[in-house]
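Architecture and fold: a report
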Amino acid sequence: MASIMMLSQATLSPSSSAKLSSHTLNPLLYTKPLRFKTNRKSFSVSAASSQHSLKALIFDCDGVILESEHLHRQAYNDAFSHFNVRCNSSSKQPLNWASDFYDVLQNQIGGGKPKMRWYFKEHGWPSSTIFDTPPENDDDRAKLIDTLQDWKTERYKQIIKSGTVEPRPGVLRLMDEAKATGKQLAVCSAATKSSVILCLESLIGMERFQGLDCFLAGDDVKEKKPDPSIYLTAAKRLGMSEKDCLVVEDSVIGLQAATKAGMSCVITYTSSTADQDFKDAIAIYPDLSDVRLNDLELLLQNVVAAN
């Protein structure tokens, strides 16, 4: 994977020819025990023979519960326009993140403030209606980013409240299956808490949201994904071993956070993440419409036993 320092809006964008097709990403649905080969022997795994089992199902929000990145990009660009943010003083137009560029950026840097801070460090701190000249000290730069992020968050909320956004296929059914069978259910998102709460209330409904056993947002941990802090914190709050937790993510950043926390992870990719390297995922799906809780239970049991 290219270093984040190599990102350039003018030169780097995901190749459409590299997008993973349904042929290369067949959903891994298991209807019987899998067989694994180790250095010692071959063996089959069943629910009864596995020391660990699926006890907690943890969902990311953006990209998993809803396909949201184009909505975030719109909100950022609206903020840049509102405050006339210009990294080049000779530019007549406000900053605008193109979709191809944002696909790369959002998949390599988690969190809105880190995204903007990286961009301004690389392309120059901007002038704006917040500061007529580019801010030169840390306090002013922090104020600029805080102001932009706060406005962007409110704009994103307006978009979610518009009633035009729906949850991704299969998400609500899986949540209901998990609760009905006594599994712990959690949502862990790198986004700001207020925006995630709004998304969850709007898309999964108040009853499901209030029924979550754990809810963590980016505000709740010091380090963003791919740091594992958010998932380690979730396991602690749930009172679960990491090996009994299964994470549903959509990006390599989330996958890295989950695996660094010692959790297994399945991927439900989006159009903006389909070309990423998900080799550490235990299963990869275009969406969750055909995935049942029993499929995920068997996956986790087999993977844990094989290791």
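The residue numbers shown here count from 1 along each chain, following its written sequence. Two thresholds apply to this predicted model, a pLDDT of at least 70 for residue-level local features and 80 or more for giving and counting side-chain atom pairs, whereas whole-chain, interface and lining totals are computed over all residues. Excluding hydrogens and water, the side-chain values take into account all heavy atoms of the structure.

Our next topic: the overall build of the protein chain. Broken down by element type, the protein chain carries 10 helices and 8 strands. The cut-offs for exposure are 20% and 50% of the maximum accessible area for each residue type, with area from a 1.4 Å probe on protein chains only; residues under the lower value are buried, those over the upper are exposed, and the others partly exposed. Burial status across the protein chain gives 50% buried among its 307 residues. Contacts are assigned to residue pairs that have any heavy atoms within 4.5 Å of one another. In the protein chain, the share of contacts with a sequence separation of at least 24, taken over all contacts with a separation of at least 6, comes to 70%. Here the accessible surface of atoms and residues is derived via Shrake-Rupley with a 1.4 Å probe, and residues count as covered only by protein chains that are part of the display. For the protein chain, the computed accessible surface area is about 14,600 Å², with 47% contributed by carbon and sulfur atoms. Under the DSSP-based scheme used, a helix requires at least four consecutive residues in state H or I and a strand at least two consecutive residues in state E, with every element numbered from the N terminus.

What counts as a ring pair is set by centres within 6.5 Å for rings of Phe, Tyr and Trp (its six-membered ring), and what kind of pair is set by the plane angle: stacked under 30 degrees, edge-to-face over 60, tilted for all other angles. Applying the stated criterion across every chain, the model contains 13 aromatic pairs. Arranged with centres 6.1 Å apart and planes meeting at 50°, the rings of Y76 and Y102 form a pair that is tilted. Taken together, the positions of Y76 in helix 1 (residues 69-82) and Y102 in helix 2 (residues 99-106) put the pair 26 residues apart, joining distant regions of the chain. Taking relative accessible area as the criterion, Y76 reaches 2% and is therefore assigned buried. Take Y102: its relative accessible area is 3%, and that puts it in the buried class. On the basis of an interplanar angle of 80° and a centroid distance of 5.6 Å, the ring pair of F209 and F215 is categorised as edge-to-face. Neither F209 nor F215 differs from the other in exposure class; each is buried. For a ring to carry a charge above it, either NZ of a lysine or CZ of an arginine must fall within 6 Å of the ring centroid while also lying within 35 degrees of the normal to the ring plane. Over the aromatic face of Y76 sits the side chain of K152, whose NZ or CZ is 4.6 Å from the ring centroid.

It is worth spelling out the sheet that holds strand 5 (residues 214-216) at this point. Any two strands between which DSSP finds at least two bridges are classified as paired. Taking strand neighbours across the sheet as the criterion, the 6 strands line up as 5-4-3-6-7-8 in an open arrangement whose pairing is parallel. At either end of the open sheet lies a strand with only one pairing partner, and these are strand 5 and strand 8 (283-285). Here the average twist between neighbouring strands, direction ignored, is 20°. Where strand 4 (residues 184-188) meets strand 5, 3 bridges bridge the pair, whose relative direction is parallel. In the sheet register, A186 faces strand 5, and the bridge partner there is C214. Here the axes come from fitting lines to C-alpha atoms, over the contacting stretch only for helices, and the angles between their N-to-C directions go from 0 to 180 degrees. Contacts between helix 8 (residues 229-238) and the sheet are confined to strand 3 (56-59), strand 4, strand 5 and strand 6 (245-249), with strand 5 contributing the most and set at about 155° to the helix.

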